[in-house]
Amino acid sequence: MKPPELEHVMTVTLTMVPGSLRRIEGLPGGGDRWSINVAGGVFEGPGMRGKVLPGGIENPHLRPDGSLMINARWLLEEEDGTVIYVRNRGIRRAYDPAKMTAWMTRSEPVTADDFYFRVVPTFETASPRFHWLTENIFVGRLENPPATAQENQGPTMSYFLVH
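Just so it is clear, the model here is predicted, and its values are computed rather than measured. (Residues numbered from 1 in each chain as written. Predicted model: local features only at pLDDT ≥ 70, side-chain atom pairs only at ≥ 80, totals over all residues. Heavy atoms only, no water.)

Draft legend 1. Layout of the overall build of the protein chain. For the protein chain, the helix and strand inventory stands at one helix and 11 strands. Reading the protein chain from its N end, one meets helices and strands in the order β-β-β-β-β-β-β-β-α-β-β-β. The buried share of the protein chain, taken over its 163 residues, is 42%. Residue pairs in contact within the protein chain that sit at least 24 positions apart in sequence constitute 54% of those at least 6 positions apart. For the protein chain, the exposed area adds up to about 9000 Å²; of that, 54% sits on carbon and sulfur atoms. (Helix = DSSP H or I, 4+ residues; strand = E, 2+ residues; numbered from the N terminus. Buried < 20%, exposed > 50% of the residue type's maximum accessible area, 1.4 Å probe, protein only. Contact = heavy atoms within 4.5 Å. Areas by Shrake-Rupley, 256 points an atom, 1.4 Å probe, with all protein chains shown as cover.)

Right under this line is the structure:
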């Protein structure tokens, strides 16, 4: 049996709204719900480039075992004006759980080597040009932040089409 192949589709770098991090502690099922607003960002890949629109949100659930269940939604706007809705679901697990706590509570910088971070995004768009995004399976992973990271830099993620 031949394993699936991956094709890079795009890399997205988010910028977060300063001071928007909120925490709901002690959920009935255990853990905490976090919320942080997306201020914007950029994306680029073969045949696509544009910006992340303001107004997105990340609402991860930090489970009692230290795993972070990713739940994020935001909009991309391609250079041609096409709007693409992105929904990410996945998991982020620190190889060192103390780093997860430090990152979440103090917004300390982390690298992709600190975490197992994978998402399965889904896309919605009315554009015939990008309809292929709506009818395929994709996976995403955390990348190291750019060397020129800006203030309020959010995560950088690469997305791959599963063949």
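Draft legend 2. Quick peek at the pairing of strand E11 (residues 153-162). E11 sits mainly inside the fold: eight of its 10 residues count as buried. Alignment of strand E1 (residues 6-16) against E11, held across eight bridges, turns out to be antiparallel. Considered in E11, the bridge of histidine 8 is made with phenylalanine 160. (Pairing = 2+ DSSP bridges.)

Draft legend 3. Spatial organisation of the pattern of salt bridges. Across all of its chains, the model carries nine salt bridges by this definition. Across the salt bridge formed by arginine 63 and aspartate 65, the nearest N and O atoms sit 3.0 Å from each other. For aspartate 65, a relative accessible area of 53% translates into the label exposed. The salt bridge involving arginine 129 is made with glutamate 78; its shortest N-O contact spans 3.5 Å. (Salt bridge = Lys/Arg side-chain N within 4 Å of Asp/Glu carboxyl O.)

Draft legend 4. Local environment of the side chain of glutamate 78. Checked against the element boundaries, glutamate 78 lands in strand E7 (residues 68-78). For glutamate 78, a relative accessible area of 5% gives the class buried. Among the polar contacts listed, one links the side chain of glutamate 78 to the backbone nitrogen of arginine 49, at a separation of 2.9 Å. The contacts of glutamate 78, once residues within four sequence positions are left out, are Phe43, Gly47, Met48, Arg49, Gly50, Arg129 and Phe130. (Polar contact = N/O pair within 3.5 Å; in protein donor to acceptor, adjacent residues only side chain to side chain.)

Draft legend 5. The arrangement of the environment of arginine 141 in detail. Take arginine 141: it is sitting in strand E10 (residues 138-143). Overall, arginine 141 belongs to the partly exposed group, its relative accessible area being 36%. For the pair arginine 141 and phenylalanine 160, spaced 19 residues apart in sequence, the C-alpha to C-alpha distance is 8.7 Å. Excluding anything up to four places from it in sequence, arginine 141 contacts Phe117, Arg118, Thr156, Met157, Ser158 and Phe160. There is a polar contact of 2.7 Å between the side chain of arginine 141 and the side chain of glutamate 143.

Draft legend 6. Main features of the side chain of asparagine 88. Relative to the elements of secondary structure, asparagine 88 occurs in strand E8 (residues 83-94). In this structure asparagine 88 comes out as buried when scored by relative accessible area, which is 1%. For asparagine 88, the side chain forms a polar contact with the side chain of tyrosine 159, separated by 3.0 Å. Leaving out residues up to four positions away in the same chain, asparagine 88 has contacts with Ile70, Asn71, Ala72, Trp74, Val119, Val120, Pro121 and Tyr159.

Draft legend 7. Focus on the pairing of E1. Pairing of E1 with strand E3 (residues 32-45), which is carried by six bridges, proceeds in the antiparallel orientation. Its bridge partner being in E3, threonine 11 is matched across the sheet by glutamate 44.

Draft legend 8. Inspection of the packing of aromatic side chains at higher detail. The final tally for this structure, using the stated rule, is three aromatic pairs. Taken together, a centroid distance of 6.4 Å and an interplanar angle of 75° make the contact between phenylalanine 123 and tyrosine 159 edge-to-face. One end of the pair, phenylalanine 123, is in strand E9 (residues 115-124); the other, tyrosine 159, is in strand E11, with 36 residues separating them in the sequence. With relative accessibility at 5%, the residue phenylalanine 123 sits in the buried group. For tyrosine 159, a relative accessible area of 1% corresponds to the buried category. A ring pair is formed by tryptophan 132 and phenylalanine 138, whose centres lie 6.1 Å apart and whose planes are at 50°; its orientation type is tilted. Classification of tryptophan 132 as partly exposed rests on a relative accessible area of 30%. Taken together through their ring pairs, the aromatic side chains of Phe123, Trp132, Phe138 and Tyr159 make up a single cluster. The aromatic ring of phenylalanine 115 is capped on one face by arginine 92, whose charged end is 4.1 Å from the ring centroid. Seen from the ring of tyrosine 116, arginine 118 lies directly overhead, with NZ or CZ sitting 4.9 Å from the centre. (Phe/Tyr/Trp six-rings, centres within 6.5 Å; stacked < 30°, edge-to-face > 60°. Lys NZ or Arg CZ within 6 Å of the ring centre and 35° of its normal.)

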